[in-house]
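# Survey of secondary and tertiary structure
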Amino acid sequence: SLTLMSSANLTYAQYRMVAKIISGSTGVDVLAPESQVRANITADDPVEFESGRVELIVKDKSTEVAFGRVVSLFESMEKYVAMVYQKPELLRDDLERIPESDRRSPLADTICIKLMCDKGGNSTKFGWVLIQRKNANSANNFQVLAEYEGPDDHDSLNTVIFSHFSEELNFLPHNPKIAICLSGDCAVAKILPSEFQVNTTASGAPMITIIDEQPQEVSTLVDYGNAGMEVEGTFWSYIQLGDSLIGVGLFMTGTTTPQFFFEFRTPLKVFPELKVTVKVIKPFIAGDYAFYCELCGHQGSSAMFPCVWCQASDKNDIQKGSWRDLSPKPKARSLSLMHGHFTKYNASVKKTPKIAQSVFNITKRPLLSSVDWNDMLYIAPIVLHLFLGTIVKLYDLLLKDVRQQLDGLDVNHCQLLQQIQETNDFISGLEKDIKNVTDSQQKNIKSLAALQGQAKSLLKNQVLNVSETTAMSKGVSKENFDRAQTLKALVNEVRIKKDEDTIALQSLKKELERYKTRVEALNTAAGKPGQFEEALEKFLQHHDIRRQAYYSGAFVGNHVNKLLLNFNGMWDFLYAAAEKIGTNESESASVYSQAVANLVARLQPIWSAFAKLHDLARACRLLSDREVEELCDACHNASNEARKAYPGVHVQLKLHIIEAHLPPFVKHWRSAGLFAEDAVESIHALVNRLNRRFACLHGDLKQTSKMTALETLGRCDVQSRAQTIQNIRKRGPYKKKTS
């Protein structure tokens, strides 16, 4: 049906009309209805999900929240890796060799995955990304493993995610192998356990037992392939039974009988071009800094020892200056050290700030095992958030300089303008919150009406509080009465949410009015912005760069990229403003131009250094030896230029990460952009759309529907078809008809 729609260039309405005409004329349902189309998409061996409710602490109150998650991380990985590898056009071909060199890269012959977690809106998402796929940082590559409507704090993450996936997560750092078998246009993948138990059957043939798998006797296998990957005197190869590939085995070199056999869940039809590859899995952790702190049991970025990669002190190490000149350097952290620090803190009778500082601010048990995840090199730098924080701060400092040095405003006036900007940002955030709460309230009202209607229909239009005896006397069956009671519980739940939204909406509207009154008074006191400040605003508008409706008024990643690519244009706009002011006033334009030149001479080095650093650090590819050295120098230069231009006024922790921990990570793995956290940040918009779509569903059904939709939308074939239809439906610019 989707193929017909795309090839015939039909809208969905046209498609339904064609289907109706054909069915009416032939008497046969030739084209499947929408429900069957969706069923066919999801029937193709989907990943198994589970859903439920769990007690979490939300805003200091015990609350029952809904969650959905896959049953097995490995099942998700096996299915997605097989799906991507059967479409070679989706795979990268630039990760095997270091650019401008013949040396193998550290990612050669591997399957690299990024495990990521983030909270957006009211829900937290946990998932993974396959780095070997093109556009590795796209939301299309993000495979959701778990999603729940609650905070991303330590206890919540442990309850919903890490306690469930702990066995599989702690197995990943041991470099397990995954066998990928391609046959025709089909593929299967199997993660090979590194530890397993060998038994013997009654006939004496070796047998291996795998969790959730049926044991398979080697004696029943009739044909052994000899194409595989040799590793230290042994090689993994496929095992064929009749005309089907049923698993992979570990063979000793020169033998035809496998020592161990691992069965596929689904046999694979064998074609002459059968190909088997075995790759090593390398796992990485990516996300924002708040997630890293919860992961490590750390108190956060405002602690005395704020860095999760080392034991640097905020006052004695990070604020001192250049990392290269710091001697001796603080001790590096490891998960084994963190577990030891937590044990010491937990054993102390009084949990005082001084005790927390004595254990380097590790006050909760790390969520990953110290035995398995000890090496911190697998935890990627927060590449996206490093620049979101520092560039916004740099721009605000530039704006302050422009107001004072070019527009001639005094400190008090500048502070007033800064308050106006912060208040407007806060108002934007409040307006966004009001819209979200209003939407939620409207959905709950519609959902409440629908649930009440369903319950009354089951009870034959009687009130919901009717007793079982009375309902039975009116002809209501026991089954319908029980179903109505379930709906009644949902009605009460939705009613509580609606009332909570009403209270929240009233509070937000009162707060909005208060801040609007405040900003009007500030605008009256401040007057009109200066002409140089207006020039900077014109520069942002020219490149479509704008602050977002967050409380911090930050730039998003794409706007940071535009700003650093075109930062020299800021100076051009300031020079143009100087020429304009000089023409309109008695003073010579050269006076204003010289003031702009002095400002540019001071700030050009820092903006150039960060532009160079951003270009290399955000590049989603392997870097050459030359580029790695340039990035390391850019890290040092950017940090030093920031301290030189604004002594004592900069983003201390993020500059520390840039100069102390970004270079060693890039030197080891040859890239930082490949391990960025963009994908998990982009998935929030998709989940928000699904929340709106499934607003009338509740409980397990809602979570299962969301997880099924996310898994379906993550499939390569569905994405390809959706993109094809989207391209076909794109319309050109409207052209007015002329008579």
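Quick note: structure is the one above.
Cut-offs used in this document
Residues numbered from 1 in each chain as written. Predicted model: local features only at pLDDT ≥ 70, side-chain atom pairs only at ≥ 80, totals over all residues. Heavy atoms only, no water. Helix = DSSP H or I, 4+ residues; strand = E, 2+ residues; numbered from the N terminus. Buried < 20%, exposed > 50% of the residue type's maximum accessible area, 1.4 Å probe, protein only. Contact = heavy atoms within 4.5 Å. Core = buried A, V, L, I, M, F, W, Y, C linked by side-chain atoms within 4.5 Å. Phe/Tyr/Trp six-rings, centres within 6.5 Å; stacked < 30°, edge-to-face > 60°. Expected span 1.5 Å × (residues − 1). Disulfide = S-S within 2.5 Å. Pairing = 2+ DSSP bridges. Axes fitted to C-alpha atoms, helices over the stretch in contact; angles between N-to-C directions. Salt bridge = Lys/Arg side-chain N within 4 Å of Asp/Glu carboxyl O. Parallel < 35°, antiparallel > 145°, perpendicular 65-115°, else oblique. Nonpolar A, V, L, I, M, F, W, Y, C, P; charged D, E, K, R; others polar.

### Remarks on the side chain of Ser639
Relative to the helices and strands, Ser639 resides in helix 18 (residues 625-645). Relative accessible area serves as the criterion here: at 0%, Ser639 is assigned to the buried category. Once residues lying within four places of it in the same chain are set aside, the contact partners of Ser639 are Leu655, Ile658 and Glu659.

### Some words on the environment of Thr423
Among the secondary structure elements, Thr423 is positioned in helix 11 (residues 411-458). What Thr423 contacts, discounting residues up to four positions off in sequence, is Tyr515, Arg518, Val519 and Leu522.

### Brief notes about the nonpolar core
One broad trend across soluble globular proteins is that nonpolar side chains are buried collectively. Residues Trp607, Phe610 and Leu613 are the most contacted members of the largest nonpolar core, which totals 160 residues. With 14 residues, the top contributor of residues to this core is helix 10 (residues 383-406). Excluding residues within four positions of it along the chain, Leu613 makes contact with Phe387, Leu631, Ala634, Cys635, Ala638, Ile658 and Leu662. By size, the runner-up hydrophobic cluster in this structure holds 16 residues, among which are Leu416, Leu417, Leu430 and Val519.

### Overview of the packing of aromatic side chains
This model, assessed by the stated rule, comprises 17 aromatic pairs. A ring pair is formed by Tyr80 and Trp128, whose centres lie 5.5 Å apart and whose planes are at 90°; its orientation type is edge-to-face. Linking Tyr80 in helix 4 (residues 73-85) with Trp128 in strand 4 (residues 123-130), this pair joins segments that are 48 residues apart in sequence. Note on Tyr378 and Trp669: the rings are 5.6 Å apart at their centroids and 50° apart in plane angle, and the pair reads as tilted.

### Looking at helix 10
Taking 1.5 Å of rise per residue, 24 residues should cover 34 Å, and helix 10 covers 33 Å from first to last C-alpha, within 8% of that figure. Looking at the residues trailing helix 10, positive phi occurs at Gly408, about 70°.

### A few points about the state of the cysteines
Working definition of a disulfide: a covalent bond connecting the sulfur atoms of two cysteines. All told, the structure shown has 0 disulfides when counted by the stated rule. Distance from the sulfur of Cys296, which forms no disulfide, to the nearest cysteine sulfur (Cys293) is 7.4 Å. Just so you know, Cys310 is unpaired, no disulfide at all, and the nearest cysteine sulfur is the one on Cys307, 3.8 Å from it.

### A few points about the sheet that holds strand 7 (residues 186-192)
Pairing within the open sheet is mixed, and its 8 strands lie in the order 1-2-5-4-3-14-6-7. Both edges of this open sheet fall to strand 1 (49-58) and strand 7, since each of them pairs with a single strand only. On average, each strand axis in the sheet is inclined to that of its neighbour by 25°, with strand direction left out of account. Along the sheet, helix 6 (residues 289-296) contacts strand 3 (110-120) and strand 14 (275-287); its crossing angle with strand 14, the most-contacted strand, is approximately 95°.

### Some details on unusual backbone geometry
The phi dihedral of Asn175 falls on the positive side, at around 55°, and the residue is not glycine. One non-glycine residue, Asn361, lies in positive phi territory at about 65°. The topology assignment puts Asn361 in the loop between helix 9 (353-358) and helix 10.

### Thoughts on the pattern of salt bridges
Pairs can form between side chains of opposite charge once their charged atoms are near each other. What the rule picks out here adds up to 25 salt bridges. In this structure, Glu50 engages Arg69 in a salt bridge whose closest nitrogen and oxygen atoms are separated by 2.6 Å. Of this pair, Glu50 sits in strand 1 while Arg69 is found in strand 2 (residues 61-70), placing the two residues 19 residues apart along the sequence. Each of Arg53, Glu64, Glu493 and Lys497 takes part in salt bridges that share partners, so that together they form one network.

### Describing helix 21 (residues 678-693)
Taking 1.5 Å of rise per residue, the 16 residues of helix 21 would be expected to cover 22 Å, and the 24 Å separating its terminal C-alpha atoms lies within 8% of that figure. When helix 21 is considered as a whole, its buried residues turn out to be Asp678, Ala679, Val680, Ile683, His684, Leu686, Val687, Leu690 and Asn691. Those residues of helix 21 that are buried lie in contact with strand 3, strand 4, strand 5 (142-148), helix 10 and helix 22 (699-713).

### Let's talk about the packing of helix 5 (residues 154-171) against helix 6
Running from N to C, helix 5 and helix 6 cross one another at 80°; their axes reach a closest spacing of 9 Å. Between helix 5 and helix 6, the crossing angle belongs to the class labelled roughly perpendicular. Contacts from His154, Leu157 and Phe162 of helix 5 reach helix 6 at Phe291, Glu294 and Leu295. Within the contact of helix 5 with helix 6, the residues separate by chemical class into 4 nonpolar, 1 polar and 1 charged.

### A few points about the pairing of strand 1
In terms of strand pairing, strand 1 meets strand 2 through 10 bridges, oriented antiparallel. Its bridge partner being in strand 2, Gly52 is matched across the sheet by Phe67.

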